[in-house]
Amino acid sequence: MPTARDLVQAALSEGRKVLLEHEAKALIGDYGIPVTRVKVAKSEDEAVEFAREIGLPVVLKIVSPDVLHKSDVGGVKVNLKTEEEVRRAYREIIENVKSKVPNARIVGILVQEFAPSGVEVIIGLIRDPQFGPTVMFGLGGVFVEVFKDVSFRVAPLTERDAYEMIEEIKGKVLLEGYRGTQPADKKAIADALIKVGQIGLEIPEIKEMDLNPIMAYPTGIKVVDARVILG
Ligand code: ADP
Ligand code: MG
């Protein structure tokens, strides 16, 4: 397993400014943040083999340095329950990407564990010109995009900072369990917030990071998509 630093150096030496999803997940996984299992398949047969290994249902996604928003180009197929569905998804993703981004370099197809739905949260890392690495927290989807309901703390984060970030968002009630939904594991979220701050301090080559979405469960969390921008 390459370490976080090796992954960043390898990408930079290839002149790349963006880590592919499996690289970004390996990097944050190296810091102990829980991520879905992933394997890059180079053929349909290999995708089926990896799906068996990981266990159905799985998710398939395009792996390409030219595709940043994978679902926008038909590059994500979720909850694939049979080997036949895996084969069909593999072919459809390649077709979709080839028609929507004709010159895209296709590295392979990422096979990953399907994460059951939980409360969707987002953790980001930005570099403030004045304060340096700064961690962002919010709830997934419209909460961040429409309501801008987010909180920020400058790294390093104490445990108290991390819990305050969670308490500060207006939609926090969604993390506390309502109408029969289970409360989300705030300790696991706080732990990930602290680790993202640590990554920002220890790897200055990372300009920006976006863990979106993260599924938060009554016990534990799982990062479902991760983007890392270097610079
Ligand atoms: P994009 O590049 O478009 O942001 P994502 O990897 O975030 O692609 O996938 C799009 C959506 O598909 C996610 O927001 C999530 O709802 C769902 N999804 C992606 N990966 C998984 C997974 N491993 N398990 C469950 N749902 C997933
Ligand atoms: Mg995403």
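Placed above this text is the structure.
What counts, and at which threshold
- Residues numbered from 1 in each chain as written.
- Chains lettered and ligands numbered in written order.
- Predicted model: local features only at pLDDT ≥ 70, side-chain atom pairs only at ≥ 80, totals over all residues.
- Heavy atoms only, no water.
- Donors = N, O, S within 2.8 Å, 3.2 Å for Na, K, Ca; no water.
- Helix = DSSP H or I, 4+ residues; strand = E, 2+ residues; numbered from the N terminus.
- Buried < 20%, exposed > 50% of the residue type's maximum accessible area, 1.4 Å probe, protein only.
- Pairing = 2+ DSSP bridges.
- Near = heavy atom within 4 Å.
- Polar contact = N/O pair within 3.5 Å; in protein donor to acceptor, adjacent residues only side chain to side chain.
- Nonpolar A, V, L, I, M, F, W, Y, C, P; charged D, E, K, R; others polar.
- Salt bridge = Lys/Arg side-chain N within 4 Å of Asp/Glu carboxyl O.

A word on the coordination of the magnesium ion (ligand 2)
For a metal with four tetrahedral donors the ideal donor-metal-donor angle is 109.5 degrees, whereas six octahedral donors ideally subtend 90 or 180 degrees.
Next, step 1: At 2.2 to 2.7 Å from the magnesium ion (ligand 2) lie its protein donor atoms, namely Asn212 (O) and Asp225 (OD). Placement of asparagine 212 in strand β9 (residues 206-216) and of aspartate 225 in the loop between β10 (221-223) and β11 (226-230) is noted, with a sequence separation of 13 residues between them.
Next, step 2: You can call asparagine 212 partly exposed: its relative accessible area is 24%.
Next, step 3: For aspartate 225, a relative accessible area of 12% corresponds to the buried category.

Focus on the environment of valine 35
Next, step 1: With respect to the helices and strands, the residue valine 35 is situated in the loop between α2 (21-30) and β2 (38-41).
Next, step 2: Taking relative accessible area as the criterion, valine 35 reaches 21% and is therefore assigned partly exposed.
Next, step 3: For valine 35 and valine 59, which are 24 residues apart along the polypeptide, the C-alpha to C-alpha distance reads 13 Å.

Notes on the pairing of strand β5 (residues 108-113)
Each regular strand shows side chains that alternate between the opposite faces of the sheet.
Next, step 1: For β5, the tally of buried residues reaches five of six residues, placing the bulk of the element in the interior.
Next, step 2: Pairing geometry for β2 and β5, over four bridges, is antiparallel. By the bridge assignment, valine 40 is partnered in β5 with leucine 110.
Next, step 3: The pairing of strand β3 (residues 58-63) with β5 spans six bridges and is classified as antiparallel. Across the sheet, residue lysine 61 finds its bridge partner in β5, namely leucine 110.

Remarks on the site of ligand 1
Next, step 1: In the region of ligand 1, 19 residues are neighbours, and Lys61, Lys70, Ser71, Gln112 and Ala115 sit closest.
Next, step 2: Taking glutamine 112, its side chain carries an N or O atom lying 2.9 Å from a nitrogen atom of ligand 1.
Next, step 3: At 2.9 Å from an oxygen atom of ligand 1 is found a side-chain nitrogen or oxygen belonging to aspartate 225.
Next, step 4: Counting only elements with at least two residues in the shell around ligand 1, the list comes to β3, β4 (76-80), β5 and β9.
Next, step 5: A class-by-class count of the residues in the shell around ligand 1 yields eight nonpolar, five polar and six charged.

Quick notes on the pattern of salt bridges
Next, step 1: Applying the stated criterion across every chain yields a total of 22 salt bridges.
Next, step 2: In this structure, arginine 16 and glutamate 14 form a salt bridge, with 3.0 Å as the shortest nitrogen-oxygen distance.
Next, step 3: Overall, arginine 16 belongs to the buried group, its relative accessible area being 16%.
Next, step 4: Of the charged contacts in the structure, one is a salt bridge between glutamate 176 and lysine 186, with a shortest N-O distance of 2.8 Å.

Side note on the pairing of β11
Next, step 1: Among the five residues of β11, five are classified as buried, and the element is accordingly described as predominantly covered.
Next, step 2: With burial as the criterion, each face of β11 is covered, one bearing Ala226, Val228 and Leu230 and the other bearing Arg227 and Ile229.
Next, step 3: Bridge count between strand β1 (residues 18-19) and β11: two bridges; the pairing is antiparallel. Paired with valine 18 across the bridge in β11 is isoleucine 229.
Next, step 4: As judged from the five bridges shared by β9 and β11, these two strands associate in the antiparallel manner. Within the sheet, the bridge partner assigned to isoleucine 206 lies in β11 and is leucine 230.

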